[in-house]
Structures are given as C-alpha cells and as structure tokens.
Amino acid sequence: MKLIVGLGNPGEKYAQTRHNVGWLVVDELARRAGGQWRKDAEAEVCEVRLGGLPGEKVLLVKPQTFMNTSGKAVWPLMSFYKLEGGSLLVVQDDLDSPFGLLRFRMGGRHGGQNGVRDIIARLGHDRFPRLKIGISRPPAGRDPADWVLSKWREEERETLAELVRLGTGAAEMWAVKGLAEAQQAYNGTDLRPKPPPPPPPPVPPAEADPERS
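Keep in mind it's a predicted model, so treat the numbers as computed, not measured.

A short note on the pattern of salt bridges
- All chains considered together, the criterion is met by 18 salt bridges.
- Between Glu181 and Lys177 there is a salt bridge whose closest N-O contact spans 3.8 Å.
- Where Asp190 meets Arg192, a salt bridge forms, and the shortest distance between an N and an O atom there is 2.9 Å.
- Residue Asp190 is classed as partly exposed on the basis of its relative accessible area of 27%.
- Here the salt bridges share partners, and the residues they tie into one network are Arg18, Arg153, Glu155 and Glu156.

Observations concerning the side chain of Lys132
- Checked against the element boundaries, Lys132 lands in strand β7 (residues 129-134).
- We note that Lys132 is buried and unpaired, the nearest opposite charge coming from Asp94 at a distance of 4.4 Å.
- Residues in contact with Lys132, not counting those within four places in the same chain, are Gln92, Asp94, Leu101, Leu102, Arg103 and Arg105.

A few points about the nonpolar core
- Judged by nonpolar contacts, the single largest core of 36 residues is most densely connected at Ile4, Leu60, Leu89, Leu102, Phe104, Leu131 and Trp174.
- Every residue in contact with Ile4, bar those within four places of it in the chain, is listed here: Val26, Leu29, Leu50, Val58, Leu59, Leu60, Val61, Leu89, Val91, Ala171, Trp174 and Ala175.
- Counting residues in hydrophobic clusters, the runner-up holds 20 residues, among them Leu59, Leu88, Val116 and Ile119.

Thoughts on the packing of aromatic side chains
- Taken as a whole and judged by the stated rule, the model has 3 aromatic pairs.
- The side chain of Arg130 reaches across the aromatic face of Phe128, ending 4.4 Å from its centre.

Notes on unusual backbone geometry
- Even without being glycine, Ala41 reaches a positive phi, approximately 55°.
- Here Ala41 is to be found in the loop between β2 (38-40) and β3 (43-50).
- Backbone geometry at Lys82 places phi at a positive 55°, although glycine is not the residue there.
- You can see Lys82 is positioned in the loop between α2 (71-80) and β5 (88-94).
- When its relative accessible area of 71% is taken as the criterion, Lys82 is described as exposed.

Some thoughts on the confidence of the model for the protein chain
- In this model, the protein chain carries an average pLDDT of 93, and 97% of its residues clear a pLDDT of 70 or more.
- Mean pLDDT values for the elements of the protein chain range from 93 in helix α4 (residues 144-148) up to 98 in strand β1 (residues 2-6).

A closer look at helix α1 (residues 21-33)
- With 13 residues, α1 should reach 18 Å at 1.5 Å per residue; the first-to-last C-alpha distance of 19 Å fits that figure.
- Listing the buried residues of α1 in full gives Val21, Gly22, Trp23, Leu24, Val25, Val26, Glu28, Leu29 and Ala30.
- Lining the buried residues of α1 we find β1, β3, β4 (56-63), β5, β7 and α5 (157-177).
- Just downstream of α1 lies Gly34, where phi reads positive at about 70°.

Parameters and conventions
- Residues numbered from 1 in each chain as written.
- Predicted model: local features only at pLDDT ≥ 70, side-chain atom pairs only at ≥ 80, totals over all residues.
- Heavy atoms only, no water.
- Salt bridge = Lys/Arg side-chain N within 4 Å of Asp/Glu carboxyl O.
- Buried < 20%, exposed > 50% of the residue type's maximum accessible area, 1.4 Å probe, protein only.
- Helix = DSSP H or I, 4+ residues; strand = E, 2+ residues; numbered from the N terminus.
- Lys, Arg positive; Asp, Glu negative; His and termini not counted.
- Contact = heavy atoms within 4.5 Å.
- Core = buried A, V, L, I, M, F, W, Y, C linked by side-chain atoms within 4.5 Å.
- Phe/Tyr/Trp six-rings, centres within 6.5 Å; stacked < 30°, edge-to-face > 60°.
- Lys NZ or Arg CZ within 6 Å of the ring centre and 35° of its normal.
- pLDDT = per-residue confidence, 0-100.
- Expected span 1.5 Å × (residues − 1).

This is the structure we're talking about:
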C-alpha cells in the first residue's frame with residue numbers, strides 16, 4: 001500500500017484556488033482509475049490500483065481538516081497501514097516555483113507550505129517525497145496568503161490543465177516505478193512560454209569587386 005495525498009482545503013469556496021492544485025491531481029488519478037471517494041475520519045479516501053493489472057495498490061487522500069492541519073488526516077492513515085515515509089507522496093502547491101514548473105523532491109523542510117509543515121510535525125520527520133506544482137509568487141504588494149486562496153485566471157487554465165495531466169502521470173509513475181524514475185522523467189517539466197529566438201545577425205553588405213570598378 002502507498003499513500004498519495006493531495007493538499008487542499010475542503011468546500012466549494014476553495015475548489016478552484018491555487019492552494020488546491022494537489023486535489024486536482026488526486027481527483028484526476030481517481031477518475032482515470034475508476035475509483036470512488038468515501039469519507040474516512042478526517043479525510044476523503046479512494047483506493048485504486050495503478051499501473052495496469054494487477055497494479056500497485058494506492059490510497060488517494062484528500063484531507064478534510066483544512067490546509068494548516070493536514071497532518072491530522074495523514075498521520076492516522078500512515079499509522080494504520082504501518083507505512084514508512086517512502087510510501088507517502090504529498091502533492092502540493094509551491095509558491096517558490098514559477099507557474100508551469102513541476103518537480104519531485106525527497107524530504108527537506110516545508111518551505112512555508114503549511115500543509116507540509118503540519119505533516120512533518122505530526123509524523124516527526126520530513127523523510128517523504130513531495131510533488132511540487134508551481135503557482136508562482138504573488139504580484140508585488142499582494143499578500144501571499146490571499147494569493148494562494150485566489151482563483152485561477154482564465155488565461156492560466158490551459159497550462160493548469162496540462163500541469164494536472166502531467167502531475168497525474170508523475171504521481172502514477174512514482175507509485176509504480178519509484179521516485180528515481182519519476183524524477184528522471186518529470187523533473188524537467190517547464191510549461192512556461194518560451195522566449196522568441198533572437199533575430200539573425202545582419203548580413204554585412206557585399207564588398208565591391210575591384211576588377212569591375
């Protein structure tokens with residue numbers, strides 16, 4: 001058994017906010033696998049098999065505790081299934097990555113992400129992988145706390161849909177083939193618009209032929 005936890009806040013109010021991008025990924029995993037969500041204590045969970053038949057048994061998790069106490073939903077499941085940190089993947093939004101970037105990271109500090117902070121505190125260690133989905137820093141003068149709870153803009157939705165598609169594939173690869181292979185395949189993901197190529201250098205004027213002067 002492995003756990004894939006999508007971080008977010010419960011309730012329709014938060015459904016399409018930047019902080020809930022982790023939920024979009026686990027929802028898509030559940031949809032692809034034909035799973036059904038059910039309530040389980042402090043979380044909604046969905047048991048699926050990923051990677052074909054017989055597949056890897058995975059429990060998808062959406063904490064219902066609000067972001068800042070995500071560990072309250074995660075720790076009891078880790079304890080019940082007697083799982084080590086390497087069997088847990090947390091899918092999170094990341095303020096420090098530009099929108100369009102997706103990458104895996106193994107362990108390390110929470111980086112200001114309060115859901116990850118609480119999971120670390122309740123597990124008592126940080127030795128679990130995260131799939132970070134960039135949402136960018138807010139524009140100058142805007143409070144980060146307000147930014148993460150803001151809705152996606154219409155012009156971001158095409159990139160968001162592709163990020164969720166790639167994030168879903170990345171999470172499945174982690175479950176089936178392991179972290180190293182998933183990192184190799186997905187850590188170069190960058191959907192930011194590419195700058196136009198520089199113009200070609202000007203062609204110098206042809207020199208006059210002295211014999212024809």
